[in-house]
Structure formats: structure tokens, C-alpha cells
Amino acid sequence: MSNISAETLKNYTNYVGIYGKQKAALNFGLSLETLNRYLRKARKLEEGIKKVDKPNILIFDIETAPVQAYVWSLWKQNVYIDQIESDWFMLSWSAKWLFESEIYSDVLTPKEALNENDARISQSMWEFIDHADIIIGHNIAGFDIPKLNTRWIVNNIKPPSPYQMVDTLKEAKKNFMFSSNKLDFIARMLGTEQKMDAGGFETWIGCLKGDQKALLKMEEYNRKDINVTEEVYMKIRPWIKSHPNMALYYQDDMDHRCRNCGSKNITFSDKMYDTGLNRFTTVRCECGAIGRARVSALPKAKRDSLFQACAR
Ligand SMILES: [Zn+2]
């Protein structure tokens, strides 16, 4: 059995897939028991060479045009729908896959800007989000995603396929108390790259007027933001308590993997991780994140008694 070739094993598996085990055993002159043993071996071999699947993690950011409206005063204004001269729309987007160097972006053409037509760039942004397993950005839960959803439904684009989300603004608010939660402020505090100056409101006005230079400046500003977002995310990542579980995306084996980064390089500590009714060994990943072992550190009798004591 040990020197049977991978090719033969593969052949047995394929044959069984088409004709079933009875015929296969007959055809190859094997007992059913032996055939089953070969099939198990073939499965193991296939799992071993299966490439590790990594998740598609997308960092992205959009820039939008302001709502243009007639106002009577600068102080405490209620702007009624009739006062809106033209509604907001998307000017540009930029995105990159985590750890990859290439930055992708799209921006309105001067003609599209004048027509306030963001259908084309809404679609190109959609292609990326639709492909992503996890999306990352600053204030994407409160801004970018609802904004994009609006432009997608207005432009008759379907909802993208499901994704998990990490909003660095939400995480910053949840875990820290920076004096400002703006991306460039947090970046400065964490010693990461700083945001490029967009050139003030003039750039937005230029975009609305269809000025090519202003549109390109907007795109460049948008692209620069992406690197900053990635760096801030990497600093915050070990602090995120309910990060989408990265271990789900690796189909290798049953080893422990870090929930936050997917690494297998984790160490077990003697500090305990307590939940209401159970106790686990604490683990720390090379990325800094804290997790817990999957298996309880308590004997079954203790777990049962805890459960019963609380259930009453
Ligand atoms: Zn980790």
C-alpha cells in the first residue's frame, strides 16, 4: 500500500466518482475494504497539497461631491428638499488589496462630472467590493458603504455579494480616546504616514466644474488615503476584539490560527481567559492579538456543575 502512486490513487478516486465503489472494486480487483483505504489515503494527499486559500481583504475609500443648495443664512439652517440645487454624487474611489503594493482608483471624467454621472465609477467600485471577503476603511460603516449603496441603487446596480467589515473609526472610538478620531490625526499619533492636503474646498469646486486638474488632484488625494488607512489598520488590528475570523479563510488543517491575522505563530500563556461559564487558556499571536484556546481548561464535571448552578 505504501508505494502506490499518487496518480493511481487519483485514478481510483475519479473512477469511484463516476461508477461507484462496487464497480471500482471489481474493475481494479480490490476488496471494498482495501479500496476504502486507498480512497482515504487519496483524500489526505489531496488535502495536503491544497494551496492555502487567503481571504480577499480590500481597503477602500471614496470621495463625494457636496450637496449644492440655496440657503437663507449660515446659522442653524433647515434646508428643504426644494432648496437643493443638485444632490451629492461620487467623485472618485481608491482601493488596494491588503499587503499588495498596487493601488487602484477611478475618477469621473470632466464630462461625467458636469453631468453628475457617477454610474461608470460606481460600477467599477462595485466590482472590487463584490470580490472582497473583508472590507476595511475609516468610517465605512457610517459613510462610504451607505453612500455607495445609495449610488448603486440609483444607478440600478445590484447589491454586492456578502462581506465582513472592519471600520477603523468604529474601532478607534471603541478602544481608545484620541483627541480626534480623524484618520490623519490618528495616523500622526501612531507615527504612520500623513494625509496629503486635498487643496481645500477649491478642489471640490473644481471637480463640480469639470476641471480636469481638480479631478486628478482628487484622485491622487484619494489614493494617498489608502496607504494611510492600511497603516492605521495594521496598528489597530491586534486591539480589535471581534475581528472577522481570519482562520475561516484558511483551509489547511485544524491548527490554531489567530482570529485577527490568521497566523499560526501563537503562544499559549498561563493566564486564563474567563467567560461567564467557562475558562480557557489565553493565547497571544505574533501580531499582538490576544485570543483563547478552543478547548476548555476545565474538567467536564466542573463545567457541568457551573452550568447547572447558573441554570437554576
Ligand atoms: Zn495575529
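Residues numbered from 1 in each chain as written. Predicted model: local features only at pLDDT ≥ 70, side-chain atom pairs only at ≥ 80, totals over all residues.

1. Re the sheet that holds strand β4 (residues 90-97)
Strand order across the open sheet formed by five strands is β5-β4-β1-β6-β7, with mixed pairing between neighbours. Because the sheet does not close on itself, it has two edges, and the strands there are β5 (104-107) and β7 (164-167). Averaged over all adjacent pairs, the angle separating strand axes in this sheet is 20°, with direction ignored. In the sheet, strand β1 (residues 57-64) pairs with strand β6 (residues 134-137) via three bridges, with the strands oriented parallel. Looking at the pairing, leucine 58 lines up with isoleucine 135 of β6. Together, β6 and β7 form the strand contacts of helix α7 (residues 168-175), whose direction differs from that of β7 by roughly 55°. Here helix α10 (residues 212-236) sits on the sheet and contacts β1, β4, β5, β6 and β7; the angle it forms with β4, its principal contact strand, is near 35°. (Pairing = 2+ DSSP bridges. Helix = DSSP H or I, 4+ residues; strand = E, 2+ residues; numbered from the N terminus. Axes fitted to C-alpha atoms, helices over the stretch in contact; angles between N-to-C directions. Contact = placed C-beta atoms within 7 Å.)

2. Structural notes on the pairing of β7
When β6 meets β7, the two strands line up parallel, connected through four bridges. Note on β7: the bridge partner recorded for isoleucine 135 is methionine 165. Regarding topology, helix α6 (residues 140-154) serves as the crossover connection from β6 to the parallel β7, and that connection is right-handed. (Right-handed = clockwise from strand over helix to strand, strands pointing away.)

3. Focus: the packing of helix α9 (residues 201-208) against α10
Two elements in contact, α9 and α10, have axes whose closest approach is 7 Å; the angle formed by their N-to-C orientations is 125°. Between α9 and α10, the interaxial angle falls into the category oblique. Between α9 and α10 lies a crossing of left-handed hand. Contacts from Thr203, Gly206 and Cys207 of α9 reach α10 at Lys213, Ala214, Leu215, Lys217 and Met218. Tallied by class, the residues present in the contact of α9 with α10 amount to four nonpolar, two polar and two charged. (Parallel < 35°, antiparallel > 145°, perpendicular 65-115°, else oblique. Left-handed = near helix turned anticlockwise from the far one by under 90°. Nonpolar A, V, L, I, M, F, W, Y, C, P; charged D, E, K, R; others polar.)

4. What about unusual backbone geometry?
Positive phi values are uncommon outside glycine, yet asparagine 139 reaches one of about 70°. Within the secondary structure, asparagine 139 sits in the loop between β6 and α6. In the Ramachandran plot, asparagine 156 falls in the positive-phi region, its phi being about 65° despite a non-glycine side chain. Relative to the assigned elements, asparagine 156 resides in the loop between α6 and β7.

5. Describing the environment of isoleucine 4
Tracing the chain through its elements places isoleucine 4 in the segment before α1 (6-19). For isoleucine 4, a count of 13 C-beta atoms within 10 Å translates into the label partly exposed. For the pair formed by isoleucine 4 and leucine 216, sequence separation is 212 residues and the distance between their alpha carbons is 62 Å. Each residue touching isoleucine 4, except ones within four places of it in the same chain, is listed here: Leu9 and Tyr38. (Buried ≥ 20, exposed ≤ 12 C-beta atoms within 10 Å, placed from the backbone.)

6. Observations regarding the domain arrangement of the protein
With domains assigned, the protein is organised as domain 1 (1-48), domain 2 (50-239) and domain 3 (252-311). Computed from C-alpha atoms alone, the centre-to-centre distance between domain 2 and domain 3 is 37 Å. (Domains from an automatic or database assignment.)

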